[in-house]
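This is what each chain is made of:
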Amino acid sequence: MNEAVKYGYGYGMQPGDVPTHSDFLGFIEKVEGAGFDSFWMDDHIAFRGNFLESLAALAAAAARTERIVLGSLVYLLPLRRPAIAAKAAATVDYLSGGGRFIFGVGVGGEEEKEFEVCGVPKTERGARTDEAIEVLRKLWSGEAVSHEGRYFRFSDARQSPPPASPGGPPIWVGGRSEAAQRRAALLADGYAPYLYSPSRYEKALSQIHRFAAEVERALDDPQRPWTPALHLFVNLSEKEDEALDEGARNLSMRYGMDMREAANRYLLHGSVARCAERIDAYRKAGVRHFIFKAVASAGEEAEHMMQLAQELLPEVKRHAD
């Protein structure tokens, strides 16, 4: 596994907020300028709140950035035909110059309407995702390929140009279930769950290693790096109770349910020193790529993002040293 710890920022429009296109693109430039290692877009087709199509947005981000790695967190793969997903992801990788795109995928399931509008049975989402990953890797070869599966069939199909990254961009899997952990171990190049405590993350990583060992896959192969990542919601308001309240309100609006208990357990909140200690616990549990997402009012997100970069990350790096 990669040992160097990376720090990214995840973007999702705040509840009730639709920024202008120039504000959105300007925010991406600020994230890169602030020194983050990666920038991530969330993804939904028909969900409460406002969402851009993630790969289209990342293609725009590729044109406005030079250094930062770009990723989807997570692209709902079962809702798309894999050939379309393969072409769109290859295009983002191409526009980024190669080596700057990570294709984070997941099965979704929080919103029934998304599956209805896409004509996909929700009960098939896991199996469709597994098969779609196989199709992606075939099509990213740039060669004429065939596939005969449960959901998808074609012969002698070729997509060109292939991704700039040889063999295609890394695929990371999101999700909190055992099925997601198995998918990450057997089919993917990384794992990026959310709403995990340090102890639960450590247990999940151990389970992933067991799944990989069953098929004799080495997750520390330098030829095919495998990355343990984590998505963390954060509110850096100095007063702990205010940070928790604001974060819980934001998450509850996002998910359409009371998220107070989840925020209390998993939200990174409060003072910089307190948050740095929590991040250090996750690092010791095995996380090597953190993806932060501020849960604050729309007008305060840039402030929280800069505070992350200028105050929290230097403190976190001192802990790691």
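Since the structure is predicted, the reported quantities are computational estimates derived from the model, not experimental observations.

**Regarding the pattern of salt bridges**
Then, number 1: Enumeration according to the criterion identifies 20 salt bridges in this entry.
Then, number 2: Here Arg 283 ties to Asp 280 by a salt bridge, and the two come within 2.7 Å at their closest N and O atoms. In this pair, Arg 283 and Asp 280 both sit in helix 10 (residues 272–285), three residues apart, roughly one turn of the helix. Neither Arg 283 nor Asp 280 differs from the other in exposure class; each is buried.
Then, number 3: Shared partners join several salt bridges into a network, and the residues in it are Asp 43, Glu 53 and Arg 80.

**Overview of the nonpolar core**
Then, number 1: Membership of the largest hydrophobic core comes to 74 residues, with the highest contact counts inside it found for Phe 36, Phe 39, Phe 103, Phe 292 and Leu 312.
Then, number 2: Among the nonpolar cores identified, the runner-up in size contains 14 residues, and Leu 195, Leu 251, Tyr 255 and Met 259 belong to it.

**Overview of the packing of helix 6 (residues 178–187) against helix 7 (residues 198–214)**
Then, number 1: Between helix 6 and helix 7, the least distance of the axes is 8 Å, while the angle of their chain directions is 50°. If you check the angle between helix 6 and helix 7, you find them oblique. As helix 6 packs across helix 7, the resulting crossing turns out to be right-handed. Of the residues in helix 7, those touching helix 6 at Glu 178, Gln 181, Arg 182, Ala 184, Ala 185 and Leu 186 are Ala 204, Gln 207, Ile 208, Phe 211, Ala 212 and Glu 214.
Then, number 2: In the contact of helix 6 with helix 7, the residues fall into seven nonpolar, two polar and three charged.

**Structural notes on unusual backbone geometry**
Then, number 1: For the bond running from Leu 73 to Val 74, omega is -15°, close enough to zero to count as cis.
Then, number 2: Note the cis peptide between Ser 160 and Pro 161, where omega equals 0°.
Then, number 3: Here Pro 161 is to be found in the loop between strand 7 (153–157) and strand 8 (171–173).
Then, number 4: In this model, Asp 156 sits at a positive phi of 50°, which is unusual for a non-glycine residue.
Then, number 5: Take Asp 156: it is sitting in strand 7.
Then, number 6: Given the relative accessible area of 61%, Asp 156 is considered exposed.
Then, number 7: Of note, the phi angle at Leu 195 is positive, near 55°, even though the residue is not glycine.
Then, number 8: Mapping Leu 195 onto the fold places it in the loop between strand 9 (190–191) and helix 7.

Thresholds, definitions, all that
- Residues numbered from 1 in each chain as written.
- Predicted model: local features only at pLDDT ≥ 70, side-chain atom pairs only at ≥ 80, totals over all residues.
- Heavy atoms only, no water.
- Salt bridge = Lys/Arg side-chain N within 4 Å of Asp/Glu carboxyl O.
- Helix = DSSP H or I, 4+ residues; strand = E, 2+ residues; numbered from the N terminus.
- Buried < 20%, exposed > 50% of the residue type's maximum accessible area, 1.4 Å probe, protein only.
- Core = buried A, V, L, I, M, F, W, Y, C linked by side-chain atoms within 4.5 Å.
- Axes fitted to C-alpha atoms, helices over the stretch in contact; angles between N-to-C directions.
- Parallel < 35°, antiparallel > 145°, perpendicular 65-115°, else oblique.
- Left-handed = near helix turned anticlockwise from the far one by under 90°.
- Contact = heavy atoms within 4.5 Å.
- Nonpolar A, V, L, I, M, F, W, Y, C, P; charged D, E, K, R; others polar.

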